[in-house]
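Spelled out, the chains give:
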Amino acid sequence: MILKPEELQDPKPEGDAVSRRRFLQLASAAAMSGAFSACHSQYTNTSFISVPPGQTVARFPEKAELLLLTDRPPQLETPIHYFREDLTPNEAFFVRWHYEGIPTYIDLRTFRLKVGGHVDKPLTLTLDELKHQFDATSIVAVNQCSGNSRSLFLPRVPGGQWKNGAMGNARWTGVRLKDLLQRAGVKSGAVDVSFGGLDEAPLFNMSKFVKALGIEHALSDEVLVAYSMNDKPLPMLNGFPLRLVVPGWYATYWVKSLASIKVLPEKFHGFWMDKAYLIPKNADAVETPENLATDTVPINKMNVRSLIVSPDLPDLVRAGATAEIQGIAFDSGSGISKVEVSIDGGKNWQAATLDSDALGKYSFRRFRLPWTPQSSGAYQLASRAYTNDGKFQRVFDQWNKSGYMRNVIEQREVTVI
Ligand SMILES: Nc1nc2c(c(=O)[nH]1)N[C@H]1C(S)=C(S)[C@@H](COP(=O)(O)O)O[C@H]1N2
Ligand SMILES: [Mo]
């Protein structure tokens, strides 16, 4: 399966006139908020740290320069040097929307969160009511796109060509979904809960982005309706004023600009659960281009992975001097038990030390290994993480047609001078 470059882009679902107007709305929302000076996306080619030469970057409202995948809808990737911090800064946090009809301003006087469906007393809440009538709770958790690292699959697959930066780690603060559902009074026989945002499908025959969780998951302690990210309001592009936070699960469930929560007495059906985000139903969620899986399930928990974030270009590593190999690891919440590092392309492995797990089991966990290369030349660095529930990274033929869940051991070449 060989794709032409233009086929690697998401299709543009809307006519250009509308796109432009929406884009300008975004720009003017930016200007009105006064939070930054550049009110339109500026395309430049820079080669600062960990932005590959020639990579296009863009600066969107409330955002730092990020790697540009598409501008309509905005799909922006985090340069990996930001992962040298445990919490990914809001302005550097990746952005992914499916449709370009995204909210560009919110009037909090009229914004309401609705909780309804199969409940005794439907709720209609302003942001203030949500903040003041319910207990606040915080959790640090990784938000990772199902298609993170999709560009590394061979043969290539269509969809956003992310490298490793379609993820981020943040402290999410908000109210427990469970508390909202209990206040509304879930009726017996509830099966699923669906979540809809303020973004709209571009055509009448396209499905609004709606996701669903099973009722037990929705009533668990960890799922939040968050109004803050790293102790600040969510950036507009990351779902202001509210988003669902589903620790350990892929970001597709983390519905942004959340406005509607519906309890259902039957299984939810809709394009974004029934047709999109399906994975082959086998242990590694694999299939081959010649033999596509017919048995599929909705994507759910994240698998274990790790990423070396240092050294990276343009760090200088000198023969005879001690450098630090540093990276991050995470899984779906069992926690990281061990990370091993190789400097010879996976022939030999050494245990790295793990930083404290104070940020919790859904957070990035940092690993470090001092490294004193004896001679100059090219070294193949690699890392592999192990979890408390016995999972670990390995090298295998990991492929699925949507380019989801990549977690094979990756190599990175570092030149020692
Ligand atoms: N309302 C809405 N929520 C959404 C989406 C969307 O298109 N619309 N995309 C989902 C997907 S696929 C991802 S990867 C994450 C991205 O979250 P971020 O933009 O805050 O990084 O948002 C999720 N929530
Ligand atoms: Mo995603």
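Criteria and thresholds
- Residues numbered from 1 in each chain as written.
- Chains lettered and ligands numbered in written order.
- Predicted model: local features only at pLDDT ≥ 70, side-chain atom pairs only at ≥ 80, totals over all residues.
- Heavy atoms only, no water.
- Near = heavy atom within 4 Å.
- Polar contact = N/O pair within 3.5 Å; in protein donor to acceptor, adjacent residues only side chain to side chain.
- Areas by Shrake-Rupley, 256 points an atom, 1.4 Å probe, with all protein chains shown as cover.
- Nonpolar A, V, L, I, M, F, W, Y, C, P; charged D, E, K, R; others polar.
- Buried < 20%, exposed > 50% of the residue type's maximum accessible area, 1.4 Å probe, protein only.
- Helix = DSSP H or I, 4+ residues; strand = E, 2+ residues; numbered from the N terminus.
- Pairing = 2+ DSSP bridges.
- Contact = heavy atoms within 4.5 Å.
- Phe/Tyr/Trp six-rings, centres within 6.5 Å; stacked < 30°, edge-to-face > 60°.
- Lys NZ or Arg CZ within 6 Å of the ring centre and 35° of its normal.

Engineer: It is not clear to me how the site of ligand 1 should be interpreted in this structure. Could you clarify?
Structural biologist: Near ligand 1, the surroundings consist of 19 residues, among which Phe 94, Asp 199, Asn 238, Arg 243 and Lys 256 are the closest. Here Trp 254 contributes a backbone N or O atom positioned 3.1 Å from a nitrogen atom of ligand 1. Between Lys 256 and ligand 1, the recorded distance is 2.5 Å, taken from a side-chain N or O atom to an oxygen atom. Burial of ligand 1 by the surrounding chains reaches 100%, relative to a free accessible area of 530 Å². Among the residues making up the shell around ligand 1, the classes are represented as eleven nonpolar, four polar and four charged.

Engineer: I would appreciate a short explanation of the pairing of strand 18 (residues 305-310) in the present structure.
Structural biologist: Every other side chain in a regular strand lies on the same face of the sheet, so the side chains alternate between the two faces. Buried residues dominate strand 18, accounting for six of its six residues. Across five bridges, strand 18 lies against strand 19 (residues 323-330) in antiparallel orientation. The residue of strand 19 that forms the bridge with Leu 307 is Ile 328.

Engineer: Would you take a moment to explain the side chain of Ser 310 for this structure?
Structural biologist: Relative to the assigned elements, Ser 310 resides in strand 18. Apart from residues no more than four positions distant in its own chain, Ser 310 is found in contact with Arg 84, Asp 315, Glu 324, Ile 325 and Gln 326.

Engineer: Explanation requested: the packing of aromatic side chains in the structure shown.
Structural biologist: The geometry of an aromatic ring pair is captured by the separation of the ring centres together with the interplanar angle, meaning the angle of the planes. Inspection of every chain in the model, using the stated rule, returns 13 aromatic pairs. Between Phe 93 and Trp 172 the ring centres are 5.8 Å apart and the planes differ by 85 degrees, which places this aromatic pair in the edge-to-face class. Note that Phe 93 is positioned in the loop between strand 4 (75-77) and strand 5 (95-96) and Trp 172 in strand 9 (residues 167-176), a separation of 79 residues in sequence. Accessibility assignment for this pair places Phe 93 and Trp 172 in one class, buried. Ring centres of Phe 271 and Trp 272 lie 4.9 Å apart, and the angle between their planes is 85 degrees; this geometry places the pair in the edge-to-face category. Through a chain of ring-to-ring contacts, three or more aromatic side chains come together here, namely Phe 93, Phe 94, Trp 162, Trp 172 and Trp 254. Geometry around Tyr 227 places Lys 131 over its ring, the cationic atom sitting 5.2 Å from the centre. Positioned above the aromatic ring of Tyr 253, the side-chain terminus of Lys 211 is 4.7 Å from the ring centre.

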